[in-house]
Amino acid sequence: MTVLFGTSLPVGHANAISVSAGQTPAAAATQRPSEGTVHSWDLSTGVDGPGTRFVTFLSGCPLTCLYCHNPDTMRMRNGKRTSADDVIAEARKYTKFISASGGGGATISGGEPLLQPVFAGELLHRMKNDLGLHTALDTSGFLGARATDALLRDVDLVLLDIKSWDRETYKRVTGRPLEPTLDFARRLADLGKEVHLRFVLVPGLTDARENIEGVAAFAGTLGNVSRVDVLPFHKLGESKWEALDLKFTLHDTPSPTVGQVTEAKAIFAARGLNAI
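The structure displayed is predicted, hence computed values, not measured ones.

Each value, and the rule that gives it
Residues numbered from 1 in each chain as written. Predicted model: local features only at pLDDT ≥ 70, side-chain atom pairs only at ≥ 80, totals over all residues. Heavy atoms only, no water. Helix = DSSP H or I, 4+ residues; strand = E, 2+ residues; numbered from the N terminus. Buried < 20%, exposed > 50% of the residue type's maximum accessible area, 1.4 Å probe, protein only. Areas by Shrake-Rupley, 256 points an atom, 1.4 Å probe, with all protein chains shown as cover. Axes fitted to C-alpha atoms, helices over the stretch in contact; angles between N-to-C directions. Left-handed = near helix turned anticlockwise from the far one by under 90°. Contact = heavy atoms within 4.5 Å. Nonpolar A, V, L, I, M, F, W, Y, C, P; charged D, E, K, R; others polar. Core = buried A, V, L, I, M, F, W, Y, C linked by side-chain atoms within 4.5 Å. Pairing = 2+ DSSP bridges. Right-handed = clockwise from strand over helix to strand, strands pointing away. Salt bridge = Lys/Arg side-chain N within 4 Å of Asp/Glu carboxyl O.

Enquirer: Requested: an account of the overall build of the protein chain, with residues and values cited.
Expert: When helices and strands are counted, the protein chain shows 10 helices and 9 strands. Scored against the burial criterion, the 276 residues of the protein chain give a buried share of 55%. By element, 51% of the accessible surface of the protein chain is carried by carbon and sulfur atoms, the whole surface being about 12200 Å².

See below:
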């Protein structure tokens, strides 16, 4: 069940925002009802955080990942301007089901939700405080500096992608530098914010042992990574690239073998991490 529906609201240095009692972060920043650009929402189980979750996919992403399985979320213009009230009203329909299923909640994903930090913050705040849901932020961390302390207080779990340890490979995969993601990961560790780290295993691209060991060694120092998901590369999104008239450059890349995935998980486990 996916409901489909492009410019983010302007913000200054987000940590300068003062939030009064009873006021959401977005209201404090904008002094008006919060709107954002939404691609779609969905109800999913076991993919976008623990349990059954109401997932809101925001439009726009500063990364251009070669294996992105939702390239239609990369551009703002592929979304629809939507109010936070409308998103919360939709999520409210499923709160009893989510609660009854046990261990679920709400996830703000994308695209990259921190491209719209005020709107993402509003949704997280209201999902947590108005609907009483466990909240997760699904992010590459590249725009982590835009996540205010107020926003992060409303996040129970961060789903953080570290796509490569080798800097050249990271730039090739995403089109962006790695360091902002590492800075954000360290900040989350300092805050004691729980993280599920995700690493996509792509044969011939991210599967070098020293690359995996680099990510594992870094994650092992943080102290707040409760789970590592080693995600096998797949080409399920290739048709979306074609529909958008975009070249999918990994067309000839195979999925990793079971043995390759098992070996990658063992590298993370050797650093004391719970690799799934």
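Now that the structure has been shown, the text picks up again.
Enquirer: Break down unusual backbone geometry for me, citing the residues and quoting the values.
Expert: Cis geometry is found at the peptide bond from G110 to G111, where omega equals 15°. By secondary structure assignment, the location of G111 is in the loop between strand 5 (105-109) and helix 4 (117-129).

Enquirer: Give me the packing of helix 2 (residues 84-92) against helix 4: which residues, what numbers.
Expert: The interhelical angle for the contact between helix 2 and helix 4, taken along N-to-C directions, is 35°, at an axis separation of 10 Å. The interaxial crossing formed by helix 2 with helix 4 has right-handed handedness. Each of A84, D85, V87, I88 and A91 in helix 2 lies in contact with helix 4, whose residues at this interface are F119, E122, L123, R126 and M127. A per-class count over the contact of helix 2 with helix 4 returns 7 nonpolar, no polar and 3 charged.

Enquirer: Tell me about the nonpolar core, residues and numbers included.
Expert: Ranked by internal contacts, the top residues of the largest apolar core, which has 72 residues, are M127, L197 and F268. The element contributing the most residues to this core is helix 8 (residues 209-222), with 6 residues. Residues in contact with M127, not counting those within four places in the same chain, are F54, T56, V87, I88, A91, A106, G132, L133 and T135.

Enquirer: Talk me through the pairing of strand 9 (residues 225-232); I want residue IDs and the actual numbers.
Expert: Here strand 8 (residues 195-201) pairs with strand 9 via 7 bridges, running parallel. When the sheet's bridge partners are listed, R198 is paired in strand 9 with D229. Taken together, strand 8, helix 8 and strand 9 form a β-α-β motif whose crossover is right-handed.

Enquirer: Lay out the pairing of strand 8 in plain terms, naming residues and giving numbers.
Expert: Burial of strand 8 is extensive: 7 of the 7 residues sit out of reach of the surface. Burial along strand 8 is two-sided: the residues V195, L197, F199 and L201 and H196, R198 and V200 are all buried. Here strand 7 (residues 157-161) runs beside strand 8; their pairing, made up of 4 bridges, is parallel. In the strand pairing of strand 8, V158 is matched with V195.

Enquirer: Can you break down the pattern of salt bridges residue by residue, with the values?
Expert: The final tally for this structure, using the stated rule, is 15 salt bridges. D130 is paired through a salt bridge with R126; the nearest N and O atoms lie 3.4 Å apart. The class of R126 is buried, set by a relative accessible area of 15%. For E213, the salt bridge is made with R209, and the minimal N-O distance between the two is 3.0 Å. Pair noted here: E213 and R209 are both in helix 8, with a separation of 4 residues, about one helical turn. For R209, a relative accessible area of 43% corresponds to the partly exposed category. Shared partners join several salt bridges into a network, and the residues in it are D85, E122, R126 and D130.

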